[in-house]
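Overview (structure and organization)
Here's the letter readout for the chains.
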Amino acid sequence: MPECCERKKHRDEKEYKDLINRLNRIEGQIRGIKSMLEKDAYCPDILTQVAAANAALNSFNRVLLSNHIKTCVKKDVLEGRDETLDELVNTMQKLMK
């Protein structure tokens, strides 16, 4: 797997497990959608499952963003690195597309 980021963030065990569990459920939903397609499931049934997977991803994003603001952003702002606020705004703009 290629290195994706210059910066790193240590997550406590509770946060890490919560995020991994969410991603595992989403991964299962995606596999289920693929299986439905392979079994020629009815389009609205597949679309309903895709909507559920999208909702789960949005929920994951909200949890991750909240954790990011409460830890990384807070720390950087307290240390005078206000450019983190610009990074946060850019990230939120990407999430809102």
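Structure: above.
Throughout this document, residue positions are counted from 1 along each chain, in the order its sequence is written. At least 70 in pLDDT is required for a residue's local features to be given in this predicted model, at least 80 for side-chain atom pairs to be given and counted, and no such filter applies to totals for whole chains, interfaces and linings, which use all residues. Each side-chain value is derived from all of the structure's non-hydrogen atoms; neither hydrogens nor water enter the calculation.

1. What about a nonpolar patch on the surface?
For patch building, the residue pool is restricted to those with more than 30% relative accessible area and no salt bridge; the joining distance is 9 Å between like charges and 5 Å between nonpolar side chains (Val, Leu, Ile, Met, Phe, Trp, Tyr). Exposure was quantified through the Shrake-Rupley algorithm and a 1.4 Å probe, taking into account, for residues, occlusion by the shown protein chains and nothing else. The working definition used for a salt bridge is a side-chain nitrogen of Lys or Arg within 4 Å of a carboxyl oxygen of Asp or Glu. Residues Tyr16, Ile20 and Leu23 make up a contiguous nonpolar surface patch of roughly 260 Å² in combined accessible area. Helix and strand labels come from DSSP, where a helix needs a run of H or I of at least four residues and a strand needs a run of E of at least two; each type is numbered from the N terminus. Assignment of secondary structure puts tyrosine 16 in helix α1 (residues 13–38).

2. A closer look at unusual backbone geometry
With a phi close to 60°, aspartate 40 is a non-glycine residue in the positive phi region. Its location among the elements puts aspartate 40 in the loop between α1 and α2 (43–78). Each residue gets one of three labels from its accessible area relative to the maximum for its type: buried under 20%, exposed over 50%, partly exposed in between, using a 1.4 Å probe on protein chains only. We classify aspartate 40 as exposed; its relative accessible area is 70%.

3. Observations regarding α2
The span one expects for a helix is its residue count, reduced by one, times 1.5 Å. In this model, α2 (36 residues) spans 50 Å end to end at C-alpha, consistent with the 52 Å of a helix rising 1.5 Å per residue. Maximum bend of α2: about 40°, positioned at isoleucine 69. Inspection of α2 places Ile46, Ala53, Phe60, Val63, Leu65, Asn67, Cys72, Val73 and Asp76 among the buried residues, and these make up the whole buried set. Where the residues of α2 are buried, they touch α1 and α3 (83–95). Working definition for bend: take the seven residues up to and ending at a residue and the seven starting at it, fit an axis to each, and measure the angle between the axes. Two residues form a contact once any of their heavy atoms are found within 4.5 Å.

4. Notes on the pattern of salt bridges
Applying the stated criterion to the full structure yields eight salt bridges. The shortest N-O distance in the salt bridge between glutamate 79 and arginine 81 comes to 2.6 Å. For glutamate 79, a relative accessible area of 44% puts it in the partly exposed group. By relative accessible area, arginine 81 is classed as partly exposed at 31%. Here the salt bridges share partners, and the residues they tie into one network are Lys75, Asp76, Glu79 and Arg81.

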